[in-house]
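Architecture at a glance
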Amino acid sequence: MIMTRVGITAAASALPEREVETADLQRQVADASGLRLPDGMFEQLTGVRRRRIAAGDEYASTLAVAAARRVLDDAGLDPLDVDVLLFASASRDMAEPATAHVVQAELGSRAHALDVTNACNSFINGIDLARSLIIAGRAGRVLVVTGETPTRAMRTTLTGGMQAVRDAFAGYTFGDGGAAVLVEPVGSGGILDIDTETHSEHWRVGGIPGGGSRLPRGDEHTYFSGEGHTLRAVFEKIGAGIIERVAARTGLDWDDYRHVLVHQVTGPYLARFVEITGVPESKLVPTLPSLGNLASASLGVQLTRVFPGLRSGDRILLVGLGGGVSMMTMVWEKA
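Everything numeric here is computed off the predicted structure, so don't read it as measured data.

Before going further, it helps to spend a moment on helix H8 (residues 267-277). Among all positions of H8, only Tyr269, Leu270, Phe273, Val274 and Thr277 are buried. Down the axis of H8, the buried set is contained in an arc of 135°. They therefore lie on one face. The residue sitting at the N-terminus of H8 and contributing the capping side-chain oxygen is Thr266; that oxygen lies 3.1 Å from the backbone nitrogen of Tyr269. Positive backbone phi, approximately 80°, marks Gly278, located one or two places after H8.

UniProt's entry tags residues 114-198 with the feature "domain: Beta-ketoacyl-[acyl-carrier-protein] synthase III N-terminal" (unreviewed entry), counted in the numbering of this structure. The span residues 114-198 is 26% helical and 33% strand by assignment, and the distance between its end C-alpha atoms comes to 23 Å.

Pairing is mixed in the open sheet, where five strands are placed in the order E1-E7-E6-E4-E5. Every interior strand has two partners, whereas the edge strands, strand E1 (6-14) and strand E5 (112-116), have only one. Put simply, the sheet's adjacent strands are angled 20° from each other on average, direction ignored. Looking at chain direction, strand E4 (residues 84-88) and E5 are connected through five bridges and run parallel. Across the sheet, Leu86 pairs through a bridge with Leu114, a residue of E5. Strands E1, E4, strand E6 (142-148) and strand E7 (177-185) of the sheet are contacted by helix H3 (residues 60-75), whose axis makes an angle of about 125° with E1.

Further remarks concern the pairing of E1. With eight of nine residues buried, E1 lies mostly within the body of the structure. As paired strands, E1 and E7 are joined by eight bridges and run antiparallel to one another. Bridge pairing in E7 links Ala10 to Leu182.

Under the feature "domain: Beta-ketoacyl-[acyl-carrier-protein] synthase III C-terminal" (unreviewed entry), the UniProt entry names residues 248-333. Annotated as residues 248-333, this span is 33% helix and 23% strand, and its ends, taken at the C-alpha atoms, are 18 Å apart.

For the rest of this paragraph, the subject is the side chain of Lys283. Along the chain, Lys283 falls in the loop between H8 and helix H9 (288-291). For Lys283, which is buried and forms no salt bridge, the nearest opposite charge comes from Asp255, at a distance of 5.0 Å. Setting aside anything within four residues of it in sequence, one finds Lys283 in contact with Trp254, Asp255, Tyr257, Arg258, His259 and Val260.

In this section: the packing of H3 against helix H4 (residues 99-107). The N-to-C vectors of H3 and H4 enclose an angle of 50°; their axes lie 9 Å apart at closest approach. In terms of their interaxial angle, H3 and H4 are classed as oblique. As for how H3 packs across H4, the hand of that crossing is right-handed. Counting all contacts with H3, which are made through Ser61, Ala64, Val65, Ala68 and Arg69, the residues of H4 involved are Thr99, Val102, Val103, Glu106 and Leu107. Along the lines of polarity and charge, the residues of the contact of H3 with H4 split into six nonpolar, two polar and two charged.

As a further point, take the packing of aromatic side chains. A full pass over the atoms with the stated rule returns six aromatic pairs. Here the aromatic rings of Trp254 and Tyr257 are separated by 6.4 Å at their centres, their planes lie at 55°, and the arrangement is tilted. Grouping residues by exposure puts Trp254 and Tyr257 together as buried. Put simply, the rings of Phe42, Phe169 and Tyr172 pair up and form one aromatic cluster.

Another aspect to go through is the pattern of salt bridges. A complete count under the given rule lists twelve salt bridges for this structure. Across the pair Glu19 and Arg52 runs a salt bridge whose closest N-O atoms are separated by 3.7 Å. Of this pair, Glu19 sits in strand E2 (residues 19-21) while Arg52 sits in strand E3 (residues 50-52); the two residues are 33 residues apart in sequence, bridging distant segments of the chain. Overall, Glu19 belongs to the partly exposed group, its relative accessible area being 43%. Glu184 is the partner of Arg141 in a salt bridge, and the nearest nitrogen-oxygen pair spans 2.9 Å. A residue pair is termed long-range when its members are at least 10 positions apart, and Arg141 in the loop between helix H5 (122-135) and E6 and Glu184 in strand E7 qualify at 43 residues.

Glancing now at unusual backbone geometry. The linkage connecting Glu96 with the following residue, Pro97, adopts the cis geometry, with an omega of 5°. With respect to the helices, strands and loops of the structure, Pro97 is situated in the loop between E4 and H4. Going from Gly324 to Val325, the amide bond is cis rather than trans, its omega being 10°. Tracing the backbone through its elements, the reader meets Val325 in the loop between strand E12 (315-322) and strand E13 (326-333). Even without a glycine there, the phi angle at Ala119 is positive, about 50°. Note on placement: Ala119 falls in the loop between E5 and H5. Ala119 gets classed as partly exposed once you look at its relative accessible area, which sits at 25%. One non-glycine residue, Ala295, lies in positive phi territory at about 55°. Tracing the sequence through the fold places Ala295 in the loop between H9 and helix H10 (297-306). You can call Ala295 buried: its relative accessible area is 3%.

Scoring rules and cut-offs
Residues numbered from 1 in each chain as written. Predicted model: local features only at pLDDT ≥ 70, side-chain atom pairs only at ≥ 80, totals over all residues. Heavy atoms only, no water. Buried < 20%, exposed > 50% of the residue type's maximum accessible area, 1.4 Å probe, protein only. Helix = DSSP H or I, 4+ residues; strand = E, 2+ residues; numbered from the N terminus. Arc of directions from axis to C-beta. Polar contact = N/O pair within 3.5 Å; in protein donor to acceptor, adjacent residues only side chain to side chain. UniProt positions renumbered as here; feature names shortened; annotations may be inferred. Pairing = 2+ DSSP bridges. Axes fitted to C-alpha atoms, helices over the stretch in contact; angles between N-to-C directions. Contact = heavy atoms within 4.5 Å. Lys, Arg positive; Asp, Glu negative; His and termini not counted. Salt bridge = Lys/Arg side-chain N within 4 Å of Asp/Glu carboxyl O. Parallel < 35°, antiparallel > 145°, perpendicular 65-115°, else oblique. Left-handed = near helix turned anticlockwise from the far one by under 90°. Nonpolar A, V, L, I, M, F, W, Y, C, P; charged D, E, K, R; others polar. Phe/Tyr/Trp six-rings, centres within 6.5 Å; stacked < 30°, edge-to-face > 60°.

Right under this line is the structure:
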């Protein structure tokens, strides 16, 4: 039996126009909260100098639609050429219906549409699901989109002193953005390897607790809070192992990859990932300093930046990290 080769054939991204310096964000939080914070504290601890923040009338779907239109235009396709539309994102427009329907209505597509949600691994999970649908014969072409607006969950007013700062600090890494890829059968290359590792016992480490059946109402539950050090320790524990498995299974080492795309949470996280795995920094595509932590759009935006320069046979290793906690790798070779 010959398995269908499936690959990423186009990639695009979309960013809000509004840019906010981290120094200005820190001043805003300090002034609103009546706190005295050391100059440069937010930037030093996160590695984020600035980020894009969606306007009041820009939503998760807005960014996804913009990226989707670009990727379809780049591929010379009509929205009606898509069989399945996956909105794969940690953010969403509303609890119900699926944000994929909002995106589809804007695009004018008639594809089967649904949401895929797994924190910051949502987008790479969406690509994996798209591949599976094509291999199973359920679709010929899948549009995977993400629109991330995590800055909506950022606390700008704190009560409780420095402990409140610590609880909310992970939110000050965030930036907004969207991305889209087309996934379809290819004659060569394609997605060569996928691996996942999940440690769900750590699901309480960080997140946005509100909006579900446990805490359906109340603004207090709509902000992101997390234990950054605990989350980092979990990723450090499982990170090296999954990278070693990929190398053992595929026979590929760092020299075999044109780029290594890693979900970027903070500067210290990324530096520690480099230290643990040994990935050459020249293989990375830094987006964190200028865009912040883009949640699941991080890998999509990085891929968009390198896509035009790729040649047939170039390999990319994508490394996803997501709250919950999960880690995911994907090896893709351009057809």
